[in-house]
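Secondary and tertiary structure notes
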Amino acid sequence: MTEREKMQSGQWYNCLDPELEALRTRARHAVHAHNTCPPDARGATAPELLALFARVGPDCLLEAPFHCAYGLNIHLGARVYFNAGCVVLDTAQVRIGDDTMFGPHAQIYCAQHAKDPAERAQGLEIGIPVTIGRNVWVGGGAIVMPGVTIGDNAIIGAGSIVTKDVAAGETVVGNPAQPLTRR
């Protein structure tokens, strides 16, 4: 198997692989085009960036700056909104449902690096998918960690670090994110 095939099948792979570096370079060029194009000329999302994504529903808006690792693993439903400074490290599938919004500097991480320092130095990592449902609000500065699923209508408080699944309709806050209790 190639390193790309390993990445796409959820196995440990070498992120220093030349094919993967070429895909990241392609994504960097598309991200650069999106982030430097005048808003009137760019529209909601630069065509170069849209061409990378696996799926983009209608009426999505990605404010600049935006960053992604590959782009090819990103699936956006309709009317998804990313505020300025968002990052998606899509080493695995990232699926985002309709009407979901991200505050400024929200981040989604799929990459998990090897814990052993020698293996990490060799570029070993694994991509673990992230799924975010419909009508979810992810507050500014929040981080969604690898493998997390967030249910429909959930709210992620600003600055939260989401390390575990979030149930539909649940509000979580903090580091690590915990269900919000009402007094």
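Residues numbered from 1 in each chain as written. Predicted model: local features only at pLDDT ≥ 70, side-chain atom pairs only at ≥ 80, totals over all residues. Heavy atoms only, no water.

With respect to the pattern of salt bridges
The condition that has to hold: Salt bridge criterion: a side-chain nitrogen from Lys or Arg within 4 Å of a carboxyl oxygen from Asp or Glu. Helix numbers and strand numbers start at the N terminus; a helix is a DSSP run of H or I with at least 4 residues, a strand a run of E with at least 2. When a residue's accessible area, from a 1.4 Å probe over protein chains only, is under 20% of the maximum for its type it is buried; when over 50% it is exposed; and in between it is partly exposed.
In the structure shown here, the tally under the stated rule is six salt bridges. When the shortest N-O distance is used, the salt bridge between Arg 4 and Glu 19 registers 3.6 Å. Of the two residues, Arg 4 sits in helix α1 (residues 3–8) while Glu 19 sits in helix α2 (residues 18–36), which places them 15 residues apart along the sequence. Take Arg 4: its relative accessible area is 25%, and that puts it in the partly exposed class. The exposure class of Glu 19 is partly exposed, given its relative accessible area of 34%. Between Glu 21 and Arg 28 there is a salt bridge whose closest N-O contact spans 2.5 Å. The class for Glu 21 is partly exposed, based on a relative accessible area of 31%.

A short note on the packing of aromatic side chains
Each aromatic ring pair is summarised here by two numbers: the centre-to-centre distance and the angle between the ring planes. Convention followed: Here is the rule: rings of Phe, Tyr and Trp (six-membered ring for Trp) pair when centre to centre is within 6.5 Å. Planes less than 30 degrees apart are stacked, more than 60 are edge-to-face, and the remainder are tilted.
As enumerated under the stated definition, the model contains three aromatic pairs in all. Between Phe 66 and Phe 82, the aromatic rings sit 5.5 Å apart at their centres with planes inclined by 70 degrees, giving edge-to-face as the arrangement. Taken as a pair, Phe 66 in strand β4 (residues 66–68) and Phe 82 in strand β6 (residues 81–82) lie far apart in primary sequence, 16 residues in all. Comparing Phe 66 with Phe 82 shows no difference in burial state: the two are buried. For the pair Phe 82 and Phe 102, a centre-to-centre distance of 4.3 Å together with 5 degrees between the ring planes defines the contact as stacked. Placement of the pair is Phe 82 in strand β6 and Phe 102 in strand β9 (residues 101–102), with a sequence separation of 20 residues. Judged on exposure class, the residue Phe 82 and its partner Phe 102 are both buried. Put simply, the rings of Phe 53, Phe 66, Phe 82 and Phe 102 pair up and form one aromatic cluster.

Let's talk about the environment of Glu 119
For clarity, the threshold we go by: Contacts are assigned to residue pairs that have any heavy atoms within 4.5 Å of one another.
The topology assignment puts Glu 119 in helix α5 (residues 117–121). When its relative accessible area of 37% is taken as the criterion, Glu 119 is described as partly exposed. Sequence separation between Glu 119 and Gly 133 is 14 residues, and the spatial gap between their C-alpha atoms is 34 Å. Apart from residues no more than four positions distant in its own chain, Glu 119 is found in contact with Ala 114 and Leu 124.

Thoughts on the sheet that holds strand β3 (residues 61–62)
Where strands meet in a sheet, backbone hydrogen bonds hold them as pairs that are either parallel or antiparallel. For clarity, the cut-off: Here the rule is simple: two strands pair whenever DSSP picks up at least two bridges between them.
One open sheet accounts for seven strands, arranged β3-β6-β9-β14-β17-β19-β20; its pairing is mixed. Pairing within the sheet leaves two strands with one partner each, and these edge strands are β3 and β20 (178–179). Judged from the two bridges that link them, strand β14 (residues 137–138) and strand β17 (residues 155–156) form a sheet pairing that is parallel. Across the sheet, the residue bridging to Trp 137 is Ile 155, located in β17.

A word on the sheet that holds strand β7 (residues 86–89)
Judged by pairing direction, the sheet is parallel, and its five strands sit side by side in the order β4-β7-β10-β15-β18 without closing on themselves. Looking along the sheet, the strands with just one partner apiece sit at the ends: β4 and β18 (161–162). Where strand β15 (residues 143–144) lies against β18, two bridges are found, and the strand directions are parallel. Note that in β18 the partner of Val 144 across the bridge is Val 162.

Considering unusual backbone geometry
Residue Pro 65 follows Ala 64 across a cis peptide bond; omega there is 0 degrees. Here the amide bond leading from Asn 175 into Pro 176 is cis, since omega sits at -5 degrees, within 30 degrees of zero. Examined against the element boundaries, Pro 176 turns out to sit in the loop between β19 (171–173) and β20. The phi dihedral of Asp 99 falls on the positive side, at around 65 degrees, and the residue is not glycine. With a phi angle near 65 degrees, His 105 is a residue other than glycine that sits in the positive phi range. Among the secondary structure elements, His 105 is positioned in the loop between β9 and β10 (107–109).

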